[in-house]
Amino acid sequence: MNANKVTTKYALTFKNELSDADRAAVLKECEGMVMLTHLERNYNTTFSLKLEEQDSTWLLSIAPELLAVHRNTLQQLLDTLLAHPAPLPETSETVLQITETDPDLLKTLDLRMDTTFILQPLPESAYWTYKHTEIPGYGGLKQSHVTTYLSYKLAKPIPAMQYTMGLPPKKQGEVESPIQEVAVSMFNMLGPIPIDYKIKTGKAAVDSLWETLKTEQTMTIDSTLLTLRWTTVDFNLKTFSPILDADTLIKSSIEKLPHVSPSLYHLLLAPKLSRNLTSYKLIGN
């Protein structure tokens, strides 16, 4: 990190001494939270984070310097972590086990019942995505809404765990009927059809949290991504613009972060910080 760069700095304290592996994990979790709370439209923005031991604390440096609104949102997340520490032991390897019994569905996705895969979401890879849906209305008007998703890349790919229902593609020159438009909108609103599965760690308390998170946020897993259906933003009769409305989508998604179940923090957003962070303090700014 360039010593001349203006940075945002926090002093962090932990209840246990950090090993090299712990420090690397904390950095990755901080990186993921910084990127999720970033309000700029420039999605190519990258941040450099550094964690150094200093007396009885650890100094977290973030460059470039965070804007005030960005910094405040990050601190909301840290406050949420401190208010809801994880009452959980360090987890062992997490696996995903197929429990689907529909033979046709298993055959479609080339899966077998009771097959297991290693599940390792990467906290530093967290990012927002969205899906825009328009529903035909009266007089040619369309109701418009956008669903946002919180996604994590997986360290190891697994077979596809879902498929999407739909209609056959239109033939050249074929005009889509109003009934077809409504059907397509219904399929889009239904979203992907998931395989039934369980996430297991060998620890009942942790497994229970995974089930809660899977149910509350509608979790889907597809090859290289773990995705949570997050929130819906209604634009009603206004035409949605991916460029002009990007800030609205991100802000609406961020506003929900401090209010979700602590299981999100304990399992995905910041599992190491949830177990070990005891306090933080902004330095300067």
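Cut-offs applied
Residues numbered from 1 in each chain as written. Predicted model: local features only at pLDDT ≥ 70, side-chain atom pairs only at ≥ 80, totals over all residues. Heavy atoms only, no water. Helix = DSSP H or I, 4+ residues; strand = E, 2+ residues; numbered from the N terminus. Buried < 20%, exposed > 50% of the residue type's maximum accessible area, 1.4 Å probe, protein only. Contact = heavy atoms within 4.5 Å. Areas by Shrake-Rupley, 256 points an atom, 1.4 Å probe, with all protein chains shown as cover. Expected span 1.5 Å × (residues − 1). 1 Å grid on protein atoms, 1.4 Å probe; cavity = no way out; pocket = protein on both sides within 12 Å on 5 of 7 lines; lining within 4 Å. Points joined across faces, edges and corners; volume = space filled by probe spheres on them. Pairing = 2+ DSSP bridges. Axes fitted to C-alpha atoms, helices over the stretch in contact; angles between N-to-C directions.

1. Focus on the overall build of the chain
For the chain, the count of helices and strands is eight helices and 13 strands. The burial tally for the chain puts 42% of its 285 residues in the buried class. Contacts spanning at least 24 positions in sequence make up 72% of the contacts within the chain whose residues lie at least 6 apart. Approximately 15,500 Å² of the chain is accessible, and the part contributed by carbon and sulfur atoms is 53%.

2. Quick look at helix α1 (residues 20-36)
Spanning 17 residues, α1 covers 25 Å between terminal C-alpha atoms, matching the ideal 24 Å at 1.5 Å per step. Along α1, the positions that sit buried rather than exposed are Asp22, Val26, Glu29, Cys30, Gly32, Met33, Val34 and Leu36.

3. Some points on the layout of surface pockets
To find the voids left in a structure, one rolls a probe of water-molecule size over its atoms. Empty space within the largest pocket amounts to approximately 710 Å³. Along the wall of the largest pocket there are 26 residues; nearest its centre are Thr91, Gln120, Pro121, Pro123 and Pro271. Sorting the residues of the lining of the largest pocket by element identifies α1, α5 (204-216), α7 (263-269) and α8 (271-276) as the ones contributing at least two each. Looking at which element gives the most residues to the lining of the largest pocket, the answer is α1, with five residues.

4. Thoughts on the sheet that holds strand β12 (residues 225-236)
Ordered by their spatial adjacency, four strands build an open sheet running β6-β7-β12-β11, and the pairing between neighbours is antiparallel. The sheet terminates laterally at β6 (127-136) and β11 (219-222), the two strands that pair on one side only. Averaged over all pairs of adjacent strands, the angle between their axes in this sheet comes to 35°, without regard to strand direction. Sheet topology places strand β7 (residues 142-153) next to β12; 10 bridges connect them, and they run antiparallel. Across the sheet, the residue bridging to Tyr149 is Arg229, located in β12. The sheet contacts of helix α6 (residues 246-256) involve β6, β7 and β12, and relative to β12 the element is tilted by about 120°.

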